[in-house]
Amino acid sequence: MSNKYIPHTEADIKKMLDKIGVASVDDLYADVPQEVIFREEYDIPEAMSEIELRRHFDELGKKNSLLTVFAGGGSYDHYSPSVIGHLLSRSEFYTAYTPYQPEISQGTLTYIFEYQSIICDLTGMAVSNASMYDGATAAAEAAMMMVSATKKKNRVVISGTVADRVAVVVETYAKFHGIEITVVPAKDGVTDRAGITAELAKGDVAGVIVATPNKYGIIEDYAGLADEIHAAKGLLTMTADPSTLAVLRTPAEWGADIACGDGQSLGMPMTFGGPSLGYLACTDKLTRKLPGRIVGATTDADGKRAFVLTLQAREQHIRRQKATSNICSNQSLMCLYATIYVALMGKEGLKEVNRLSCDGAHYLYNRLVESGKFTPAFEGKPFLKEFVLKTDMDVKAMNERLLENGIMGPIDLGNGLVEFAVTEKRTKDEIDNLISLILK
């Protein structure tokens, strides 16, 4: 086999050509006008030996700055087990065909089914779709689901503690779907419950979107919120970092109707900004409103367990203008990544990731506050791996100094607020080095 991703041998090609009565591949394309065929020399480098090629890519790789990361804001430097890359690169996954034909797509359908099962376990929801592009667009789809499900209500309320990048994407989608968005500003780092109550009292709210942990890393108490929203005939969407759901209360436990978020924290490398995936899950009642693909389990003609796309009377098969959404593809390779990661880590492994992240974050938090150069931005608010402090230091100069020493420092939120994140990858020596450079 000349290429592991192109499985046809010369014998295979000859057999196919003989079947259709064509002598060669060139003859197969004989009807292509000669004037559009490129006949010049390709401007590509000369061939290299393996050792030369490895050296070439090593030199290219050295142009990247690999930093020790203490920034978060929605993208986290979690550990990625090396076996994931080896499994992802298997040809049956890497070149998997879109799963509309189950008889040739059982591998793809199986891992999507497992992915959906994992998302349902993490969120507590009944149904998950087959992943989406990213967490922000998943939240936008959730907003449209809430409007579609509640009918005659055309407004979605977003807590000011939802990540800004998510809120902006939701607003963009909403603008072109005729949906009104109201953002209720945060109050002392958490959702303004009185502000939410006031908006619900107006009677036109289809749903509310909140976050856990929120954009400041704070773990909010949402007790009673779902009941209040449901009493006003609305729905609750919760955006959540899925990695943290191994130790925090799930969206279902808070009474949410829809759970969504970004799956990057499930071991995916930051890789200079992507790719990632968005997850979207909901209650049984909202299943028909869920965009994208859903894989279900069944039995084949021989009674063996098999997997198929289910509930397909949706955007793939109906008129565009009648679809809830036109999302019908998914980040399939990345949902496979998440599936392998969670399967490898298991429940105890995910708990350990959060324990180590939490210990490191609190150690850094306490040391910085004890230095006198930082003060708590939101006193007494619980956090897991990410937190915000206030400082009078020159944050830009501080981050430049850290960058010179190979460290990606905290996110500058403005007005003296800085946001740090610590994952299980950060050692005590790395944290101590960060502290010494900051206080230098």
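Residues numbered from 1 in each chain as written. Predicted model: local features only at pLDDT ≥ 70, side-chain atom pairs only at ≥ 80, totals over all residues. Heavy atoms only, no water.

Asker: Hey, could you go over the overall build of the protein for me, with residue numbers and the actual values?
Answerer: In terms of helices and strands, the protein carries 13 helices and 15 strands. A principal-axis box enclosing the C-alpha atoms of the protein has dimensions of 80 × 60 × 45 Å. Burial status across the protein gives 45% buried among its 440 residues. Partitioning the contacts of the protein with sequence separation of at least 6, the portion at a separation of at least 24 is 72%. Carbon and sulfur atoms form 54% of the exposed surface of the protein, whose accessible area is close to 23000 Å². Computed over 46 positive and 57 negative side-chain charges, the inter-centroid distance for the protein is 6 Å. (Helix = DSSP H or I, 4+ residues; strand = E, 2+ residues; numbered from the N terminus. Buried < 20%, exposed > 50% of the residue type's maximum accessible area, 1.4 Å probe, protein only. Contact = heavy atoms within 4.5 Å. Areas by Shrake-Rupley, 256 points an atom, 1.4 Å probe, with all protein chains shown as cover. Lys, Arg positive; Asp, Glu negative; His and termini not counted. Charge placed at Lys NZ, Arg CZ, Asp CG, Glu CD.)

Asker: Could you give me a rundown of unusual backbone geometry, with the residues and numbers involved?
Answerer: Between Thr212 and Pro213 the backbone carries a cis peptide bond, its omega angle lying at -20 degrees. Mapped onto the elements of the fold, Pro213 is located in the loop between β5 (205-212) and α10 (225-231). In this structure, the amide linkage connecting Gly274 to the following residue, Pro275, adopts the cis form with an omega of 5 degrees. For Pro275, the position within the fold is in the loop between β7 (258-262) and β8 (278-282). Notably, Lys151 is not glycine yet its phi reads approximately 60 degrees, a positive angle. Looking at the element boundaries, Lys151 is found in the loop between α7 (135-150) and β3 (155-159). Lys151 sits in the exposed class, given a relative accessible area of 59%. A positive phi angle, close to 65 degrees, is found at Lys233, a residue other than glycine. Examined against the element boundaries, Lys233 turns out to sit in the loop between α10 and β6 (235-240).

Asker: Residues and numbers for the pattern of salt bridges, please.
Answerer: Here the structure, examined in full by the defined rule, presents 17 salt bridges. We note a salt bridge from Arg54 to Glu50, for which the minimum N-O separation is 3.1 Å. On the criterion of helical spacing, the pair formed by Arg54 and Glu50 is a turn pair, its members being 4 residues apart in helix α3 (residues 50-61). When sorted by exposure, Arg54 lands in the same class as Glu50, which is exposed. For Asp241, the salt bridge is made with Lys385, and the minimal N-O distance between the two is 2.8 Å. Of the two residues, Asp241 is situated in the loop between β6 and β7 and Lys385 in the loop between β11 (374-376) and β12 (386-391); the sequence distance between them amounts to 144 residues. What makes Asp241 buried here is its relative accessible area of 13%. Through salt bridges with shared partners, a single ionic network connects Asp77, Lys425, Arg426 and Glu430. (Salt bridge = Lys/Arg side-chain N within 4 Å of Asp/Glu carboxyl O.)

Asker: Could you give an account of the sheet that holds strand β4 (residues 180-184), with specific residues and numbers?
Answerer: In spatial order, the strands read β2-β8-β7-β6-β5-β3-β4; together these 7 strands make up an open sheet with mixed pairing. With one partner strand each, in any of the chains shown, β2 (127-128) and β4 form the two edges of the open sheet. Summarising the sheet, β3 and β5 pair through 4 bridges and their orientation is parallel. Its bridge partner lying in β5, Val157 is registered against Val208. Contacting β3, β5, β6, β7 and β8, α7 runs over the sheet at an angle of about 160 degrees to β7. Here helix α8 (residues 164-175) sits on the sheet in contact with β3, β4 and β5, set at roughly 160 degrees to β4. (Pairing = 2+ DSSP bridges. Axes fitted to C-alpha atoms, helices over the stretch in contact; angles between N-to-C directions.)

Asker: Talk me through the environment of Tyr363; I want residue IDs and the actual numbers.
Answerer: One can find Tyr363 in helix α11 (residues 332-370). Given the relative accessible area of 25%, Tyr363 is considered partly exposed. Taking the C-alpha atoms as reference points, Tyr363 and Val422, separated by 59 residues in sequence, lie 9.7 Å from one another. Among residues more than four places away in sequence, those in contact with Tyr363 are Lys428, Ile431 and Asp432.

Asker: Could you give an account of the sheet that holds β11, naming the residues involved and the relevant values?
Answerer: The 4 strands lie next to each other as β11-β12-β15-β14, forming an open sheet whose pairing is antiparallel. What marks the edges here is a single partner per strand, and that holds for β11 and β14 (411-414). Neighbour-to-neighbour, the strand axes of the sheet open up by a mean angle of 40 degrees, direction not taken into account.

Asker: Describe the pairing of β14, with residues and values.
Answerer: With 3 bridges joining them, β14 and strand β15 (residues 417-421) adopt antiparallel strand pairing. Bridge pairing in β15 places Asp412 opposite Val418. Counted along the chain from β14 to the antiparallel partner β15, the turn is 2 residues long, and its residue Asn415 has a positive phi close to 55 degrees.

Asker: Any details on the pairing of β3? Residues and values, ideally.
Answerer: Counting buried positions along β3 yields 5 of 5 residues, so the element is predominantly enclosed. Along β3, one buried face is formed by Arg155, Val157 and Ser159 and the opposite face, lined by Val156 and Ile158, is buried too. By the bridge criterion, 5 bridges tie β3 to β4 in an arrangement that is parallel. Counted as the bridge partner of Ser159 is Val184 from β4.

Asker: Run through α11, naming residues and quoting values.
Answerer: Relative to the 57 Å expected for 39 residues at 1.5 Å per residue, α11 spans just 46 Å between its end C-alpha atoms, considerably shorter than the ideal helical length. The sharpest bend along α11 measures roughly 95 degrees and falls at Gly346. Gly372 lies just past α11 and shows a positive phi near 85 degrees. (Expected span 1.5 Å × (residues − 1). Bend = angle between axes of the 7 residues up to and from the residue.)

No statement about biological role is implied by the geometric values presented.
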